[in-house]
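Observations on the model geometry
Here's the letter readout for the chains.
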Amino acid sequence: MASEDVSMTSTEEVDDFEIRTHSFVAWLQQHGAVISSSIELADRRLQGAGRGVLAKTDIAEDEELFAVPRSSILTIATSNLPAEVKTQLDDPWLGLIAAMVYEYQRGSESMWERYFAVLPLEFDTPMFWSNDELNCLRGSAVVEKIGKLSADRAFREQVIPMIRQHATAFHVGGMSDDDLVSLCHRMGSTIMAYAFDVEKPSTTDAHDQEDGWEEDEEESESMSKGMIPLADMLNADADRNNAMLYYEEDKVVMKSIRAIKVGEEIFNDYGPLPSADVFRRYGYVTSNYAQYDVVEVSTQLIKDVAKEQMKMSDQDLERRVRYLDEEEILDESYDISRSHNEDTKPFSDELCILLSALALPAVEFENLQRKRKLPRPALEQSSAGLLSAVLHKRQGLYKDTVNPENGTRGDAGTINDVTVEPRSAHRRGMAQQVIQGEQSVLFEALAMLTEMHAPTSGKRKATEADTGNTGKKQKG
Ligand SMILES: C[S@@+](CC[C@H](N)C(=O)[O-])C[C@H]1O[C@@H](n2cnc3c(N)ncnc32)[C@H](O)[C@@H]1O
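No experiment lies behind these values; they were computed from the predicted model shown.

1. Considering the sheet that holds strand β10 (residues 265–268)
The strand order across the open sheet built from four strands is β2-β3-β10-β7, with neighbouring strands paired in mixed fashion. Of all strands in the sheet, those bounded by a partner on one side alone are β2 (39–43) and β7 (235–236). Bridging between strand β3 (residues 51–55) and β10 involves two bridges; their strand directions are antiparallel. Note that in β10 the partner of V53 across the bridge is I266.

Right, dumping it as C-alpha coordinates:
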(Lines give C-alpha, C1' and ligand atoms only; values in the text may rest on other atoms or scores of the structure.)
Protein backbone atom coordinates (compact mmCIF):
# COMPACT_ATOMS: atom_id res chain seq x y z
CA MET A 1 0.00 0.00 0.00
CA ALA A 2 0.97 3.63 -0.24
CA SER A 3 2.47 4.94 2.98
CA GLU A 4 3.31 8.26 4.50
CA ASP A 5 6.31 6.94 6.35
CA VAL A 6 7.30 3.29 6.44
CA SER A 7 9.71 3.79 9.32
CA MET A 8 6.86 4.98 11.57
CA THR A 9 7.00 2.68 14.60
CA SER A 10 7.20 4.55 17.92
CA THR A 11 4.08 5.54 19.87
CA GLU A 12 4.93 9.19 19.30
CA GLU A 13 4.99 8.69 15.57
CA VAL A 14 1.85 6.56 15.62
CA ASP A 15 0.09 9.41 17.47
CA ASP A 16 1.33 11.76 14.80
CA PHE A 17 -0.76 9.77 12.32
CA GLU A 18 -3.90 10.64 14.32
CA ILE A 19 -2.80 14.26 14.76
CA ARG A 20 -2.39 14.63 11.02
CA THR A 21 -5.80 13.04 10.44
CA HIS A 22 -7.54 15.48 12.81
CA SER A 23 -5.59 18.47 11.53
CA PHE A 24 -6.56 17.56 7.94
CA VAL A 25 -10.27 17.19 8.80
CA ALA A 26 -10.27 20.50 10.75
CA TRP A 27 -8.49 22.25 7.87
CA LEU A 28 -11.05 20.97 5.38
CA GLN A 29 -13.97 22.14 7.55
CA GLN A 30 -12.35 25.57 7.98
CA HIS A 31 -12.37 25.80 4.20
CA GLY A 32 -16.10 25.19 3.97
CA ALA A 33 -16.39 21.37 3.75
CA VAL A 34 -19.46 19.91 5.44
CA ILE A 35 -18.83 16.47 6.94
CA SER A 36 -21.72 14.38 8.28
CA SER A 37 -21.47 13.35 11.93
CA SER A 38 -22.33 9.80 10.69
CA ILE A 39 -18.80 9.25 9.31
CA GLU A 40 -15.20 9.44 10.46
CA LEU A 41 -11.79 9.32 8.84
CA ALA A 42 -10.26 6.27 10.50
CA ASP A 43 -6.96 4.47 10.90
CA ARG A 44 -7.07 1.37 8.63
CA ARG A 45 -3.39 0.49 8.84
CA LEU A 46 -4.16 -2.80 10.59
CA GLN A 47 -6.19 -3.72 7.50
CA GLY A 48 -3.20 -2.69 5.34
CA ALA A 49 -5.18 0.23 3.93
CA GLY A 50 -3.80 3.47 5.47
CA ARG A 51 -6.72 5.75 6.25
CA GLY A 52 -10.30 5.00 5.29
CA VAL A 53 -13.78 6.35 5.99
CA LEU A 54 -16.07 4.48 8.42
CA ALA A 55 -19.76 4.78 9.28
CA LYS A 56 -20.23 5.97 12.89
CA THR A 57 -23.99 5.36 12.75
CA ASP A 58 -26.34 3.52 10.42
CA ILE A 59 -26.58 5.45 7.15
CA ALA A 60 -29.56 5.36 4.79
CA GLU A 61 -29.26 5.14 1.00
CA ASP A 62 -28.75 8.49 -0.74
CA GLU A 63 -27.53 10.29 2.39
CA GLU A 64 -25.01 13.09 2.01
CA LEU A 65 -21.73 11.97 3.63
CA PHE A 66 -19.68 15.08 2.95
CA ALA A 67 -19.46 18.02 0.60
CA VAL A 68 -16.19 19.64 -0.45
CA PRO A 69 -16.19 23.13 -2.01
CA ARG A 70 -14.60 23.24 -5.45
CA SER A 71 -12.17 25.89 -4.16
CA SER A 72 -10.53 23.22 -1.93
CA ILE A 73 -9.90 20.84 -4.85
CA LEU A 74 -6.27 21.04 -5.95
CA THR A 75 -6.16 21.50 -9.73
CA ILE A 76 -3.91 23.49 -12.06
CA ALA A 77 -6.56 26.22 -12.06
CA THR A 78 -7.04 26.46 -8.26
CA SER A 79 -3.30 26.24 -7.52
CA ASN A 80 -1.36 29.43 -6.98
CA LEU A 81 1.04 28.65 -9.81
CA PRO A 82 2.12 31.91 -11.45
CA ALA A 83 -0.11 32.72 -14.46
CA GLU A 84 2.78 32.45 -16.94
CA VAL A 85 3.53 28.92 -15.68
CA LYS A 86 -0.10 27.86 -16.09
CA THR A 87 -0.06 28.93 -19.72
CA GLN A 88 3.06 26.78 -20.29
CA LEU A 89 1.30 23.62 -19.10
CA ASP A 90 -0.78 21.97 -21.78
CA ASP A 91 -0.52 18.36 -20.59
CA PRO A 92 -3.06 17.71 -17.79
CA TRP A 93 -1.05 15.24 -15.74
CA LEU A 94 2.32 16.97 -16.13
CA GLY A 95 0.49 20.20 -15.28
CA LEU A 96 -1.03 18.79 -12.11
CA ILE A 97 2.34 17.32 -11.12
CA ALA A 98 3.89 20.78 -11.50
CA ALA A 99 1.03 22.36 -9.50
CA MET A 100 1.51 19.79 -6.71
CA VAL A 101 5.29 20.24 -6.65
CA TYR A 102 4.71 23.99 -6.43
CA GLU A 103 2.18 23.80 -3.59
CA TYR A 104 4.16 21.15 -1.70
CA GLN A 105 7.39 23.16 -1.86
CA ARG A 106 5.62 26.24 -0.49
CA GLY A 107 5.04 24.40 2.80
CA SER A 108 3.02 26.51 5.23
CA GLU A 109 2.45 29.15 2.55
CA SER A 110 0.27 26.66 0.69
CA MET A 111 -3.39 26.32 1.57
CA TRP A 112 -3.05 22.54 0.99
CA GLU A 113 -0.23 21.98 3.51
CA ARG A 114 -2.41 19.96 5.90
CA TYR A 115 -3.73 17.92 2.97
CA PHE A 116 -0.20 17.01 1.85
CA ALA A 117 0.43 15.85 5.44
CA VAL A 118 -1.98 12.92 4.90
CA LEU A 119 -0.81 12.04 1.38
CA PRO A 120 1.73 9.24 0.90
CA LEU A 121 5.49 9.70 0.75
CA GLU A 122 6.14 6.20 -0.57
CA PHE A 123 4.38 3.71 -2.78
CA ASP A 124 4.34 0.00 -3.47
CA THR A 125 3.35 0.51 -7.10
CA PRO A 126 5.75 -1.25 -9.52
CA MET A 127 7.10 2.16 -10.62
CA PHE A 128 9.25 1.97 -7.47
CA TRP A 129 10.27 -1.70 -7.57
CA SER A 130 13.82 -2.99 -7.87
CA ASN A 131 14.77 -5.10 -10.88
CA ASP A 132 14.71 -8.19 -8.68
CA GLU A 133 11.17 -7.43 -7.59
CA LEU A 134 10.09 -6.65 -11.15
CA ASN A 135 11.50 -9.99 -12.23
CA CYS A 136 8.76 -11.65 -10.15
CA LEU A 137 6.23 -10.12 -12.58
CA ARG A 138 7.93 -11.59 -15.65
CA GLY A 139 5.34 -12.71 -18.15
CA SER A 140 2.64 -10.24 -17.13
CA ALA A 141 1.89 -7.46 -19.61
CA VAL A 142 1.81 -5.10 -16.62
CA VAL A 143 5.62 -4.84 -16.81
CA GLU A 144 5.41 -3.06 -20.20
CA LYS A 145 2.84 -0.61 -18.84
CA ILE A 146 4.80 0.79 -15.91
CA GLY A 147 6.28 3.53 -18.09
CA LYS A 148 9.08 4.59 -15.76
CA LEU A 149 11.48 5.58 -18.53
CA SER A 150 8.93 7.63 -20.45
CA ALA A 151 7.85 9.38 -17.23
CA ASP A 152 11.51 10.12 -16.37
CA ARG A 153 11.99 11.58 -19.84
CA ALA A 154 8.85 13.75 -19.62
CA PHE A 155 9.94 15.08 -16.20
CA ARG A 156 13.48 15.84 -17.35
CA GLU A 157 12.52 17.35 -20.72
CA GLN A 158 9.29 19.17 -19.90
CA VAL A 159 8.68 19.69 -16.18
CA ILE A 160 12.13 20.31 -14.71
CA PRO A 161 13.24 22.96 -17.26
CA MET A 162 10.00 24.83 -16.54
CA ILE A 163 10.55 24.52 -12.77
CA ARG A 164 14.17 25.71 -13.16
CA GLN A 165 12.97 28.68 -15.20
CA HIS A 166 10.82 29.70 -12.19
CA ALA A 167 13.16 28.32 -9.50
CA THR A 168 12.41 31.04 -6.94
CA ALA A 169 8.64 30.67 -7.22
CA PHE A 170 9.00 26.87 -6.92
CA HIS A 171 11.33 27.07 -3.89
CA VAL A 172 13.64 24.42 -5.38
CA GLY A 173 17.02 26.05 -4.72
CA GLY A 174 19.46 23.31 -3.67
CA MET A 175 17.49 20.47 -5.22
CA SER A 176 19.29 18.41 -7.87
CA ASP A 177 17.55 17.21 -11.02
CA ASP A 178 17.45 13.70 -9.52
CA ASP A 179 15.71 15.07 -6.40
CA LEU A 180 13.17 16.78 -8.64
CA VAL A 181 12.59 13.63 -10.70
CA SER A 182 11.88 11.74 -7.45
CA LEU A 183 9.48 14.45 -6.30
CA CYS A 184 7.72 14.44 -9.70
CA HIS A 185 7.39 10.63 -9.46
CA ARG A 186 5.92 10.93 -5.99
CA MET A 187 3.37 13.49 -7.15
CA GLY A 188 2.67 11.51 -10.35
CA SER A 189 2.01 8.36 -8.35
CA THR A 190 -0.18 10.29 -5.93
CA ILE A 191 -2.24 11.53 -8.88
CA MET A 192 -2.41 8.00 -10.26
CA ALA A 193 -3.83 6.60 -6.99
CA TYR A 194 -5.76 9.62 -5.64
CA ALA A 195 -6.80 12.09 -8.38
CA PHE A 196 -10.26 12.31 -9.93
CA ASP A 197 -11.33 13.43 -13.36
CA VAL A 198 -13.32 16.39 -12.11
CA GLU A 199 -16.33 17.53 -14.10
CA LYS A 200 -16.25 21.25 -14.67
CA PRO A 201 -19.14 23.21 -13.08
CA SER A 202 -21.48 23.46 -16.08
CA THR A 203 -21.71 19.66 -16.50
CA THR A 204 -23.45 18.36 -13.40
CA ASP A 205 -24.21 14.72 -14.24
CA ALA A 206 -23.41 12.23 -11.51
CA HIS A 207 -20.21 10.33 -12.10
CA ASP A 208 -17.59 8.60 -10.09
CA GLN A 209 -14.40 9.14 -12.01
CA GLU A 210 -11.41 8.16 -9.95
CA ASP A 211 -8.72 7.61 -12.44
CA GLY A 212 -5.10 7.36 -13.43
CA TRP A 213 -3.34 9.52 -15.95
CA GLU A 214 -3.58 7.17 -18.92
CA GLU A 215 -7.12 8.34 -19.66
CA ASP A 216 -5.92 11.92 -20.10
CA GLU A 217 -5.79 11.79 -23.87
CA GLU A 218 -9.47 11.00 -23.98
CA GLU A 219 -10.33 13.66 -21.45
CA SER A 220 -12.90 16.03 -22.81
CA GLU A 221 -12.95 19.79 -22.43
CA SER A 222 -15.51 19.39 -19.64
CA MET A 223 -13.09 17.54 -17.33
CA SER A 224 -9.96 18.47 -15.46
CA LYS A 225 -7.74 16.37 -13.28
CA GLY A 226 -7.92 17.26 -9.60
CA MET A 227 -7.09 16.13 -6.08
CA ILE A 228 -10.29 16.11 -4.02
CA PRO A 229 -9.50 16.10 -0.30
CA LEU A 230 -11.46 13.51 1.71
CA ALA A 231 -13.15 12.03 -1.39
CA ASP A 232 -9.75 10.44 -2.01
CA MET A 233 -9.55 9.02 1.51
CA LEU A 234 -12.13 6.37 0.61
CA ASN A 235 -10.62 2.98 -0.05
CA ALA A 236 -12.05 0.90 -2.88
CA ASP A 237 -13.80 -2.43 -3.11
CA ALA A 238 -15.28 -3.87 -6.30
CA ASP A 239 -17.99 -5.80 -4.44
CA ARG A 240 -18.76 -3.51 -1.50
CA ASN A 241 -18.93 -0.11 -3.27
CA ASN A 242 -21.47 1.91 -1.28
CA ALA A 243 -20.78 5.56 -2.09
CA MET A 244 -20.50 7.79 -5.14
CA LEU A 245 -19.25 11.28 -5.86
CA TYR A 246 -21.63 13.83 -7.42
CA TYR A 247 -20.49 17.04 -9.07
CA GLU A 248 -22.46 20.20 -8.31
CA GLU A 249 -21.94 23.81 -9.36
CA ASP A 250 -19.74 24.95 -6.47
CA LYS A 251 -18.99 21.71 -4.61
CA VAL A 252 -18.64 17.95 -4.94
CA VAL A 253 -20.82 15.74 -2.78
CA MET A 254 -20.19 12.16 -1.64
CA LYS A 255 -23.44 10.24 -1.09
CA SER A 256 -24.27 6.73 0.03
CA ILE A 257 -25.65 4.61 -2.80
CA ARG A 258 -27.01 1.96 -0.43
CA ALA A 259 -27.75 1.61 3.27
CA ILE A 260 -24.55 1.31 5.35
CA LYS A 261 -24.38 -0.21 8.82
CA VAL A 262 -22.54 1.41 11.73
CA GLY A 263 -18.88 0.33 11.72
CA GLU A 264 -18.84 -0.56 8.02
CA GLU A 265 -16.25 0.98 5.75
CA ILE A 266 -17.37 3.38 3.04
CA PHE A 267 -15.97 2.25 -0.28
CA ASN A 268 -15.42 3.78 -3.66
CA ASP A 269 -15.00 1.59 -6.75
CA TYR A 270 -12.30 1.71 -9.43
CA GLY A 271 -14.50 0.06 -12.07
CA PRO A 272 -13.91 -3.30 -13.77
CA LEU A 273 -10.10 -3.23 -13.56
CA PRO A 274 -8.02 -6.43 -13.68
CA SER A 275 -5.92 -6.99 -10.52
CA ALA A 276 -2.79 -6.12 -12.53
CA ASP A 277 -4.14 -2.63 -13.23
CA VAL A 278 -5.38 -2.06 -9.67
CA PHE A 279 -1.93 -3.09 -8.52
CA ARG A 280 -0.11 -0.90 -11.08
CA ARG A 281 -2.15 2.18 -10.28
CA TYR A 282 -2.98 1.77 -6.58
CA GLY A 283 -0.20 -0.53 -5.32
CA TYR A 284 -2.30 -3.26 -3.72
CA VAL A 285 -3.97 -6.51 -4.75
CA THR A 286 -7.21 -7.99 -3.45
CA SER A 287 -9.09 -11.02 -4.63
CA ASN A 288 -12.23 -9.05 -5.47
CA TYR A 289 -10.78 -7.59 -8.66
CA ALA A 290 -9.68 -11.09 -9.81
CA GLN A 291 -13.05 -11.47 -11.55
CA TYR A 292 -11.79 -8.88 -14.10
CA ASP A 293 -8.36 -10.45 -14.63
CA VAL A 294 -7.16 -10.87 -18.20
CA VAL A 295 -4.14 -12.29 -19.99
CA GLU A 296 -2.75 -10.19 -22.77
CA VAL A 297 -1.58 -12.11 -25.84
CA SER A 298 0.52 -10.16 -28.30
CA THR A 299 -0.14 -10.31 -32.04
CA GLN A 300 3.56 -11.04 -32.51
CA LEU A 301 3.22 -14.21 -30.41
CA ILE A 302 0.14 -15.27 -32.40
CA LYS A 303 2.04 -14.68 -35.67
CA ASP A 304 5.08 -16.63 -34.45
CA VAL A 305 2.99 -19.62 -33.36
CA ALA A 306 0.84 -19.52 -36.53
CA LYS A 307 3.92 -19.48 -38.74
CA GLU A 308 5.34 -22.51 -37.01
CA GLN A 309 2.09 -24.43 -36.56
CA MET A 310 0.56 -23.75 -40.00
CA LYS A 311 3.95 -24.06 -41.77
CA MET A 312 3.38 -20.67 -43.35
CA SER A 313 5.89 -18.67 -45.34
CA ASP A 314 6.78 -15.17 -44.09
CA GLN A 315 5.23 -13.81 -47.28
CA ASP A 316 1.91 -15.60 -46.75
CA LEU A 317 1.79 -14.59 -43.08
CA GLU A 318 2.46 -10.94 -43.83
CA ARG A 319 -0.12 -10.88 -46.63
CA ARG A 320 -2.85 -12.15 -44.28
CA VAL A 321 -1.82 -9.80 -41.50
CA ARG A 322 -1.76 -6.80 -43.89
CA TYR A 323 -5.26 -7.65 -45.11
CA LEU A 324 -6.59 -7.88 -41.51
CA ASP A 325 -4.92 -4.57 -40.73
CA GLU A 326 -6.69 -2.97 -43.71
CA GLU A 327 -9.95 -4.42 -42.40
CA GLU A 328 -9.17 -2.88 -38.96
CA ILE A 329 -9.13 -6.24 -37.19
CA LEU A 330 -5.50 -6.08 -36.15
CA ASP A 331 -4.45 -4.89 -32.71
CA GLU A 332 -1.10 -5.04 -30.96
CA SER A 333 -2.48 -7.52 -28.45
CA TYR A 334 -5.69 -9.24 -27.40
CA ASP A 335 -7.11 -9.74 -23.92
CA ILE A 336 -8.31 -13.20 -22.89
CA SER A 337 -10.93 -12.76 -20.14
CA ARG A 338 -12.34 -15.10 -17.56
CA SER A 339 -14.81 -17.52 -19.08
CA HIS A 340 -17.36 -16.81 -16.32
CA ASN A 341 -17.08 -13.01 -16.45
CA GLU A 342 -20.62 -11.87 -17.21
CA ASP A 343 -19.64 -8.71 -19.07
CA THR A 344 -16.94 -9.91 -21.43
CA LYS A 345 -16.30 -12.84 -23.74
CA PRO A 346 -13.18 -14.91 -23.09
CA PHE A 347 -12.12 -14.60 -26.75
CA SER A 348 -13.03 -11.38 -28.57
CA ASP A 349 -14.48 -11.40 -32.09
CA GLU A 350 -11.32 -9.72 -33.41
CA LEU A 351 -9.12 -12.43 -31.90
CA CYS A 352 -11.31 -15.21 -33.35
CA ILE A 353 -11.23 -13.58 -36.80
CA LEU A 354 -7.44 -13.20 -36.65
CA LEU A 355 -6.96 -16.83 -35.61
CA SER A 356 -9.40 -18.09 -38.24
CA ALA A 357 -7.72 -16.03 -40.97
CA LEU A 358 -4.33 -17.47 -40.00
CA ALA A 359 -5.63 -21.03 -39.75
CA LEU A 360 -7.41 -21.08 -43.13
CA PRO A 361 -5.89 -23.00 -46.06
CA ALA A 362 -4.25 -20.50 -48.44
CA VAL A 363 -6.86 -20.98 -51.19
CA GLU A 364 -9.75 -20.27 -48.82
CA PHE A 365 -8.05 -17.17 -47.46
CA GLU A 366 -7.45 -15.88 -51.00
CA ASN A 367 -11.13 -16.43 -51.82
CA LEU A 368 -12.22 -14.40 -48.81
CA GLN A 369 -9.74 -11.67 -49.59
CA ARG A 370 -10.89 -11.45 -53.18
CA LYS A 371 -14.48 -10.93 -51.99
CA ARG A 372 -13.25 -8.47 -49.31
CA LYS A 373 -14.81 -10.71 -46.65
CA LEU A 374 -13.65 -11.84 -43.23
CA PRO A 375 -13.94 -15.25 -41.56
CA ARG A 376 -16.80 -15.64 -39.08
CA PRO A 377 -15.82 -14.67 -35.52
CA ALA A 378 -16.03 -18.28 -34.31
CA LEU A 379 -13.44 -20.82 -33.30
CA GLU A 380 -13.35 -23.78 -35.69
CA GLN A 381 -11.28 -26.87 -34.99
CA SER A 382 -8.17 -25.42 -36.63
CA SER A 383 -8.36 -21.92 -35.13
CA ALA A 384 -9.09 -23.39 -31.68
CA GLY A 385 -6.03 -25.62 -32.11
CA LEU A 386 -3.96 -22.59 -33.05
CA LEU A 387 -5.28 -20.66 -30.02
CA SER A 388 -4.47 -23.56 -27.76
CA ALA A 389 -0.87 -23.62 -29.05
CA VAL A 390 -0.65 -19.82 -28.58
CA LEU A 391 -1.89 -20.08 -24.99
CA HIS A 392 0.58 -22.84 -24.15
CA LYS A 393 3.38 -20.68 -25.52
CA ARG A 394 1.99 -17.70 -23.55
CA GLN A 395 2.12 -19.77 -20.37
CA GLY A 396 5.82 -20.36 -20.95
CA LEU A 397 6.54 -16.60 -20.81
CA TYR A 398 5.91 -16.47 -17.06
CA LYS A 399 8.82 -16.87 -14.71
CA ASP A 400 7.04 -19.76 -12.98
CA THR A 401 3.84 -21.64 -13.42
CA VAL A 402 1.58 -21.12 -10.43
CA ASN A 403 -0.93 -23.81 -9.65
CA PRO A 404 -4.22 -21.86 -9.75
CA GLU A 405 -5.79 -24.26 -7.24
CA ASN A 406 -3.37 -23.75 -4.35
CA GLY A 407 -0.97 -21.03 -5.43
CA THR A 408 2.18 -23.17 -5.18
CA ARG A 409 4.95 -22.59 -7.64
CA GLY A 410 8.53 -23.44 -8.44
CA ASP A 411 10.25 -20.89 -6.22
CA ALA A 412 7.57 -20.26 -3.59
CA GLY A 413 10.43 -20.13 -1.11
CA THR A 414 11.33 -16.58 -2.21
CA ILE A 415 8.31 -15.02 -0.53
CA ASN A 416 8.91 -16.73 2.79
CA ASP A 417 12.66 -16.29 2.56
CA VAL A 418 13.82 -14.63 5.80
CA THR A 419 16.63 -12.86 3.92
CA VAL A 420 14.07 -10.83 1.94
CA GLU A 421 13.08 -7.68 3.87
CA PRO A 422 9.36 -7.43 4.75
CA ARG A 423 8.49 -4.72 2.24
CA SER A 424 10.08 -6.67 -0.59
CA ALA A 425 8.38 -9.88 0.59
CA HIS A 426 5.07 -8.00 0.49
CA ARG A 427 5.78 -6.85 -3.09
CA ARG A 428 6.76 -10.37 -4.16
CA GLY A 429 3.52 -11.62 -2.63
CA MET A 430 1.55 -9.11 -4.69
CA ALA A 431 3.44 -10.15 -7.82
CA GLN A 432 2.55 -13.76 -7.12
CA GLN A 433 -1.13 -12.88 -6.73
CA VAL A 434 -1.15 -10.96 -10.03
CA ILE A 435 0.61 -13.78 -11.88
CA GLN A 436 -1.61 -16.40 -10.27
CA GLY A 437 -4.72 -14.50 -11.43
CA GLU A 438 -3.46 -14.30 -14.99
CA GLN A 439 -2.45 -17.93 -15.03
CA SER A 440 -5.82 -19.05 -13.78
CA VAL A 441 -7.39 -17.13 -16.71
CA LEU A 442 -5.08 -19.11 -19.01
CA PHE A 443 -6.01 -22.41 -17.35
CA GLU A 444 -9.71 -21.59 -17.71
CA ALA A 445 -9.27 -20.63 -21.37
CA LEU A 446 -7.35 -23.83 -22.15
CA ALA A 447 -9.95 -25.93 -20.33
CA MET A 448 -12.68 -24.25 -22.34
CA LEU A 449 -10.88 -24.98 -25.63
CA THR A 450 -10.38 -28.60 -24.60
CA GLU A 451 -14.04 -28.94 -23.71
CA MET A 452 -15.15 -27.34 -26.97
CA HIS A 453 -13.16 -29.88 -28.97
CA ALA A 454 -13.14 -32.91 -26.72
CA PRO A 455 -13.01 -36.14 -28.81
CA THR A 456 -15.78 -37.66 -26.66
CA SER A 457 -18.19 -34.97 -27.81
CA GLY A 458 -17.54 -36.12 -31.39
CA LYS A 459 -15.23 -33.64 -33.11
CA ARG A 460 -17.93 -31.09 -33.58
CA LYS A 461 -17.43 -27.69 -35.08
CA ALA A 462 -17.39 -24.79 -32.65
CA THR A 463 -20.34 -22.48 -32.88
CA GLU A 464 -20.49 -18.80 -32.21
CA ALA A 465 -22.15 -19.65 -28.91
CA ASP A 466 -18.91 -21.35 -27.84
CA THR A 467 -16.99 -18.12 -28.11
CA GLY A 468 -19.76 -16.07 -26.60
CA ASN A 469 -20.58 -14.31 -29.82
CA THR A 470 -24.30 -14.60 -29.38
CA GLY A 471 -23.86 -12.14 -26.53
CA LYS A 472 -25.09 -14.76 -24.06
CA LYS A 473 -23.28 -15.18 -20.76
CA GLN A 474 -20.50 -17.75 -20.72
CA LYS A 475 -20.34 -20.21 -17.87
CA GLY A 476 -16.93 -21.54 -16.87
C1 LIG B 1 -7.60 6.92 -2.95
S2 LIG B 1 -6.46 6.36 -1.80
C3 LIG B 1 -7.45 5.87 -0.43
C4 LIG B 1 -6.92 6.43 0.87
C5 LIG B 1 -5.70 5.75 1.40
N6 LIG B 1 -6.07 4.53 2.10
C7 LIG B 1 -4.87 6.63 2.32
O8 LIG B 1 -4.61 6.25 3.46
O9 LIG B 1 -4.46 7.70 1.88
C10 LIG B 1 -5.99 4.91 -2.63
C11 LIG B 1 -4.93 4.11 -1.90
O12 LIG B 1 -5.53 3.47 -0.79
C13 LIG B 1 -5.10 2.13 -0.67
N14 LIG B 1 -6.28 1.28 -0.83
C15 LIG B 1 -7.45 1.60 -1.42
N16 LIG B 1 -8.34 0.58 -1.34
C17 LIG B 1 -7.71 -0.41 -0.67
C18 LIG B 1 -8.08 -1.71 -0.26
N19 LIG B 1 -9.29 -2.21 -0.53
N20 LIG B 1 -7.17 -2.46 0.40
C21 LIG B 1 -5.95 -1.98 0.67
N22 LIG B 1 -5.53 -0.74 0.31
C23 LIG B 1 -6.40 0.04 -0.33
C24 LIG B 1 -4.05 1.91 -1.73
O25 LIG B 1 -2.78 2.16 -1.17
C26 LIG B 1 -4.39 2.98 -2.76
O27 LIG B 1 -3.28 3.41 -3.50
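2. Observations concerning the sheet that holds strand β4 (residues 64–69)
Spatial ordering of the open sheet is given by β1-β4-β9-β8, a layout of four strands whose pairing is antiparallel. With partners counted over all chains shown, the strands left at the sheet margins are β1 (34–35) and β8 (243–247), one partner each. The pairing of β4 with strand β9 (residues 251–256) spans five bridges and is antiparallel. Bridge pairing in β9 links A67 to V253.

3. Regarding the environment of W129
By the secondary structure assignment, W129 is in the loop between α4 (113–116) and α5 (131–135). Spatially, the C-alpha atoms of W129 and R428 are 10.0 Å apart, while their sequence positions differ by 299 residues. Other than its neighbours up to four places away in sequence, W129 contacts L134 and R427.

4. Here's the deal with the domain arrangement of the protein
Its domain assignment divides the protein into domain 1 (11–271) and domain 2 (293–467). On the side of domain 2, 14 residues touch domain 1, which itself brings eleven residues to the contact. Residues belonging to the side of domain 1 that touches domain 2 are distributed by class as follows: five nonpolar, three polar and three charged.

5. What about the nonpolar core?
Among the nonpolar cores identified, the biggest contains 80 residues, and V68, I97, A98, V101, A231 and V434 are the most heavily contacted of them. Looking at which element gives the most residues to this core, the answer is helix α3 (residues 92–105), with ten residues. Of the residues that make up this core, three or more belong to each of domain 1 (11–271) and domain 2 (293–467). If sequence neighbours within four positions are ignored, V434 has contacts with L137, S140, V142, S275, A276, F279 and V285. V295, I353, A384 and V390 belong to the second largest nonpolar core, which has 29 residues in total.

6. Some thoughts on the packing of α3 against helix α6 (residues 148–165)
Contact geometry for α3 and α6: axes closest at 11 Å, N-to-C directions at 45°. Between α3 and α6, the crossing angle belongs to the class labelled oblique. Of the two elements, α3 crosses α6, and the hand of that crossing is right-handed. Between α3 and α6, the residues in contact are L94, I97, A98 and V101 and A154, Q158, V159, M162 and I163, respectively. When the residues that make up the contact of α3 with α6 are grouped by side-chain class, the tally is eight nonpolar, one polar and no charged.

7. With respect to the environment of G271
If you trace the backbone, G271 turns up in the loop between β10 and α9 (275–282). Sequence separation of G271 and Q381 is 110 residues, and the distance between their C-alpha atoms is 36 Å.

8. What to know about the pairing of β8
Along β8, the buried face is formed by A243, L245 and Y247; none of M244 and Y246, which line the opposite face, is buried. Taken together, the five bridges between β8 and β9 define a ladder with antiparallel strand orientation. Residue pairing in the sheet places A243 in a bridge with S256 of β9. Hairpin connection from β8 to β9: three residues lie between these consecutive antiparallel strands.

Reading the values: the criteria
- Numbering of residues starts from 1 in every chain and runs along the sequence as written.
- Per-residue local features of the predicted model are confined to residues with pLDDT of at least 70, and side-chain atom pairs are confined, for both listing and counting, to 80 or more; whole-chain, interface and lining totals are unaffected and use all residues.
- Here, any two strands with at least 2 DSSP bridges between them count as paired.
- Segments assigned H or I by DSSP are reported as helices when at least four residues long, segments assigned E as strands when at least two residues long, and all are numbered from the N terminus.
- What counts as a contact is two residues whose backbone-derived C-beta atoms lie within 7 Å of each other.
- Per the annotation, domain bounds derive from an automatic or database assignment of domains.
- Residues are grouped as follows: Ala, Val, Leu, Ile, Met, Phe, Trp, Tyr, Cys and Pro are nonpolar; Asp, Glu, Lys and Arg are charged; every other residue, Gly included, is polar.
- A set of buried Ala, Val, Leu, Ile, Met, Phe, Trp, Tyr and Cys residues, joined to one another through C-beta atoms within 7 Å, is what we call a nonpolar core.
- To sort residues by exposure, count the other C-beta atoms lying within 10 Å of each residue's C-beta; 20 or more gives buried, 12 or fewer gives exposed, and values between give partly exposed, all with C-beta atoms placed from the backbone.
- Lines fitted to C-alpha atoms define the axes, with helix axes restricted to the stretch in contact, and inter-axis angles between N-to-C directions lie between 0 and 180 degrees.
- When describing relative orientation, an angle under 35 degrees is termed roughly parallel and one over 145 degrees roughly antiparallel, while 65 to 115 degrees is termed roughly perpendicular and anything else oblique.
- Less than a right angle of anticlockwise turn of the near helix away from the far helix marks a crossing as left-handed, whereas a clockwise turn marks it as right-handed.

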